[in-house]
Amino acid sequence: MDRLTPQKYLSLYIDMRRMRAIEEKATALYYEGRTIGRIYSGRGQEAISVGSTYALAADDAVAPMNRDLGTHLVRGITVREIFCQYLGRANSSNRGKDAGLHISSPERGVMVNMISNLPASLPVAVGIALAFKIRRELRVALTYFGDGASSTGASHEGINFAAVRRLPIVFICENNQWALSTATSKQFALEHLVERAAGYGIPGIQVDGNDVLAVYETTAEAVARARGGEGPTFIEAVTMRMKGHSVTDPAQYVPQSMLDAWEQKDPIRRFGNHLRQENLLDDSLDENITGKISAEIDDAVAYAEASPFLPAEEAVTDVYAEGIATTYA
Amino acid sequence: MARITLRQAISDALREEMQRDENVFIMGEEVGVWGGTYAVTRGFHDEFGDKRVRDTPISEMVIGGAAAGAAMNGLRPVAEFMTINFAMLALDQIVNHAAKVHYMFGGQMKAPVVYRAPGGGGRQLGATHSHTPDVIFAHFPGLTVVSPGTPYDAKGLLKSAIRSDDPVLFIEHATLYQLRGEVPEEDYTVPIGVSEVKREGSDVTIISYAQGLQVSLEAAEQLAKEGVEAEVVDLRSLRPLDMGPALESFKKTFRAVVVEEGHRGYGIGAEIVARLQEEAFDYIDAPIKRVAQDETPLPYSQELEQMALINPDKVIAAVKEIV
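Residues numbered from 1 in each chain as written. Chains lettered and ligands numbered in written order. Predicted model: local features only at pLDDT ≥ 70, side-chain atom pairs only at ≥ 80, totals over all residues. Heavy atoms only, no water.

On to the overall build of chain A. Looking only at helices and strands, chain A has 11 helices and seven strands in total. By the compact-globule yardstick of 20 Å for 329 residues, chain A fits well, its C-alpha radius of gyration being 20 Å. Taking the principal axes of the C-alpha coordinates as reference, chain A spans close to 55 × 55 × 40 Å. Evaluated residue by residue, chain A yields a buried proportion of 56% over its 329 residues. For chain A, contacts bridging at least 24 residues in sequence account for 74% of all contacts bridging at least 6. Within the structure as shown, chain A displays about 13100 Å² of accessible surface, and the carbon and sulfur contribution to it stands at 50%. One way to put it: in chain A the 33 positive side-chain charges average out to a point 3 Å from where the 41 negative ones average out. (Helix = DSSP H or I, 4+ residues; strand = E, 2+ residues; numbered from the N terminus. Rg over C-alpha atoms; globule rule 2.2 N^0.38 Å. Buried < 20%, exposed > 50% of the residue type's maximum accessible area, 1.4 Å probe, protein only. Contact = heavy atoms within 4.5 Å. Areas by Shrake-Rupley, 256 points an atom, 1.4 Å probe, with all protein chains shown as cover. Lys, Arg positive; Asp, Glu negative; His and termini not counted. Charge placed at Lys NZ, Arg CZ, Asp CG, Glu CD.)

Let us now look at the overall build of chain B. A tally of regular secondary structure across chain B gives 13 helices and 14 strands. Taken over the C-alpha trace, chain B has a radius of gyration of 19 Å; the compact-globule value for 323 residues is 20 Å, and the two agree within 12%. Viewed in the frame of its principal axes, chain B has a C-alpha envelope of about 55 × 45 × 40 Å. A buried classification covers 62% of the 323 residues belonging to chain B. Long-range contacts, defined here as pairs at least 24 residues apart, represent 82% of the contacts in chain B between residues at least 6 apart. Accessible surface, chain B: about 11800 Å² in total, of which carbon and sulfur atoms supply 51%. Taking the average place of the 31 positive charges on the side chains of chain B and the average place of its 47 negative ones, the gap between the two points comes to 2 Å.

Turning our eyes to something else, we now look at the interface of chain A and chain B. Taken together, the contact between chain A and chain B spans 46 residues of the former and 48 residues of the latter. Counting each side, the surface lost to burial between chain A and chain B is near 4000 Å², with a carbon and sulfur contribution of 58%. Contact with chain B buries area across many residues of chain A, yet A:I134, A:R165 and A:Y320 alone supply 16% of it, more than any other trio. On inspection of chain A and its partner chain B, the count reaches one salt bridge. B:D50 is the partner of A:R165 in a salt bridge, and the nearest nitrogen-oxygen pair spans 2.9 Å. Residue assignment for the side of chain A that touches chain B shows that the elements contributing at least two residues are α5 (121–134) and α6 (153–164) of chain A. (Buried area = accessible area lost by both parts, 1.4 Å probe. Salt bridge = Lys/Arg side-chain N within 4 Å of Asp/Glu carboxyl O.)

Moving on: the packing of α5(A) against α6(A). Residues and elements named next belong to chain A. Close contact between α5 and α6 brings their axes to 8 Å; oriented N to C, the two are set at 15 degrees. With respect to α6, the element α5 is oriented roughly parallel. When the axes of α5 and α6 are compared, the crossing they make is left-handed. Where α5 abuts α6, its residues L122, P123, V126 and L130 lie against A154, S155, G158, I159, F161 and A162. (Axes fitted to C-alpha atoms, helices over the stretch in contact; angles between N-to-C directions. Parallel < 35°, antiparallel > 145°, perpendicular 65-115°, else oblique. Left-handed = near helix turned anticlockwise from the far one by under 90°.)

Core analysis: the biggest nonpolar cluster contains 84 residues, and A:V126, A:I169, A:F234, B:Y115, B:L169 and B:L276 have the highest contact counts within it. Of all the elements, α5(A) adds the most residues to this core, at 10 residues. Split by domain, this core shows at least three residues from each of two domains, domain 1 (2–183) and domain 2 (196–322) of chain B. Apart from the residues within four sequence positions on either side, A:V126 is in contact with A:G158, A:F161, A:A162, A:L167, A:I169, A:F171 and B:A66. The next biggest cluster of nonpolar side chains, apart from the first, holds 60 residues, and it includes A:I39, A:L87, A:A222 and A:I293. (Core = buried A, V, L, I, M, F, W, Y, C linked by side-chain atoms within 4.5 Å. Domains from an automatic or database assignment.)

Before going further, it helps to spend a moment on the domain arrangement of chain B. Residues and elements named next belong to chain B. One can read the domain layout of chain B as domain 1 (2–183) and domain 2 (196–322). Between domain 1 and domain 2, the C-alpha centre-to-centre distance is 26 Å. With 29 residues of domain 1 at the contact, the number on the domain 2 side is 27 residues. The contact between domain 1 and domain 2 buries some 2000 Å² in all, and 54% of this surface belongs to carbon and sulfur atoms. The tally of links between domain 1 and domain 2 comes to two salt bridges. Two residues, K198 and D153, come together in a salt bridge whose shortest N-O distance is 2.6 Å. Residues belonging to the side of domain 1 that touches domain 2 are distributed by class as follows: 12 nonpolar, 14 polar and three charged. (Nonpolar A, V, L, I, M, F, W, Y, C, P; charged D, E, K, R; others polar.)

All names here are of chain A. Strands sit in the order β1-β2-β3-β7-β6 across an open sheet of five strands; the sheet is parallel. Edge positions in the sheet fall to β1 (61–63) and β6 (204–208), since each of these pairs with one other strand and no more. Going from strand to strand, the sheet's axes swing by 20 degrees on average, the running direction of each strand aside. Where β1 meets strand β2 (residues 141–146), three bridges bridge the pair, whose relative direction is parallel. Bridged to V62 within β2 is L142. α6 rests against β2, β3 (169–175) and β7 (233–238) of the sheet, and its axis sits at about 145 degrees to β3. (Pairing = 2+ DSSP bridges.)

Cis rather than trans, the peptide bond between A:L118 and A:P119 has omega equal to -5 degrees. Mapped onto the fold, A:P119 is located in the loop between α4 (79–86) and α5. Of note, the amide linkage connecting B:R239 to B:P240 takes the cis form, showing an omega dihedral of -5 degrees. Relative to the assigned elements, B:P240 resides in the loop between β12 (237–239) and α10 (244–253). Of note, the phi angle at A:N279 is positive, near 60 degrees, even though the residue is not glycine.

One turn of the α-helix equals 3.6 residues, which is why residues spaced by three or four share an orientation. All names here are of chain B. Over its 16 residues, helix α9 (residues 210–225) extends 24 Å from the first C-alpha to the last, a length consistent with the 22 Å expected when each residue adds 1.5 Å. Within the span of α9, buried status applies to A210, Q211, G212, L213, V215, S216, A219, A220 and L223. Those residues of α9 that are buried are in contact with β7 (168–173), β9 (196–199), β10 (204–208), β11 (230–234), β13 (256–263) and α13 (312–322). In the segment just after α9, G227 is the residue with positive phi, at about 90 degrees. (Expected span 1.5 Å × (residues − 1).)

What follows is the structure in structure tokens.
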């Protein structure tokens, strides 16, 4: 496992800060009527997508879900690209043909972009890993799913198949306590979801999902295992969804005491304090970071809002890779 | 030219494509040691090994999804569903991933996967194992759906499907596996999305595909003995759908019958009839008839099952109503 240098520590911190600031800006744009509502906040979960994606090599593949903006940032998706995507512009990853964080960038290893259904991309990520194995490439796939998605047949079939074939893949279950309004107590009867790993015959590791270094180290070990031919690992990253399911959900069903308790474990503040103790961060540097992120976002929003939409006639292009026309004669 | 079965034609196409392109591999339930539920991949496991002929757990969602993922990652998987009835378990993976990634991600991704699925009724397998749900899959833009009615087309279309950059559902009617026909030794393909006139005639146009094609051809032979010459058009591909030959024929005969094995309601026939009236309204001389499966779950006992399915007599009766 690669040891993180102090410079990397700071990058982890900055990417978590960027993720939160971008989501706050996107939410503000929504309330100002400047974008539509396909915004799913990963507030409180930043350590998971940022920390785990840092554990990948450049040519590994990752299949993020809707709360994994950090994955895109670590993979080098620019803030301009992200706001063009939120705003459905022609120069976004999907050219305006799909919304939300459904961003793909095969050349930067975001190989399986999510579709809305969760965890429909999990078996597809398994197929990415299958292709690595068939071609005998020492590459690894990483994918995420939630506590709610863990109840689906797709997650079961995907993990079981990967286990049987010892495929080079890492499964991270982001247990954020809520599947929309359904609490985990109504989702599964286990005390800890990670216990399911034993049922698949693969290692299962529970990690504090609000501790970015723990997430990084746990993922890095799982990635090394996958790359070494030892098959998949099931990681349960325990965290808390600090906002509603989507921007339209006020989440009044979540007890305030629960939010208060988890606020104390905020992954960004926590890691910031750690960096201060290690003398890697102080007020002046922190303000400098805030200013840079703010400028980056202002630039991206202006760029996105000035960017064109795809012409309406392009609605019928891209249906088939072979260019088959789909309109009636 | 050798006269081989449709089963052999499909098997030969698979073998030749695997020999031609090392990125082609097979995955599915019982495709390996067992050789496929319909024996299409018999001998493949010995010939190509476990790496390229992969048995999966009984997990249709993974067959659908992992095949799409491997295709998105540069391989050319041919995934077999034991029957098309089980492909319905993988609908989300087929329809929401394979068929949509190219569009949803602005053309950055492609999923050149082939899903093979035997299906159809007439074998006394009961309602849940006898579906002809072709129209469900053909509904979705982004997916290619083909279903051959002859050994020649089966081999040529499967080769085209494997070489296509788009996801293809390749539907094999199980009662046609023993059907023999002439198939050349040399490499050839049949283009996807091209219909073909299989029998010429001037009195009525019968439009069908797959097993319905064979039923229609048999009906046409009997009608000829009674002096009615039917032109039989084989759609071969349901999506993309080539209406050219059907329209051309209809503009000559002014009468048409659509024959399909799926249920009549909301079926292939409904689509074809709509297209004929949209694009050839002035040529309609009689109601356009539909011959299709009855509106019941398909029954088990032989007489009941045959009553519910299409057959040449039903096609002949429909033709006689309009000529």
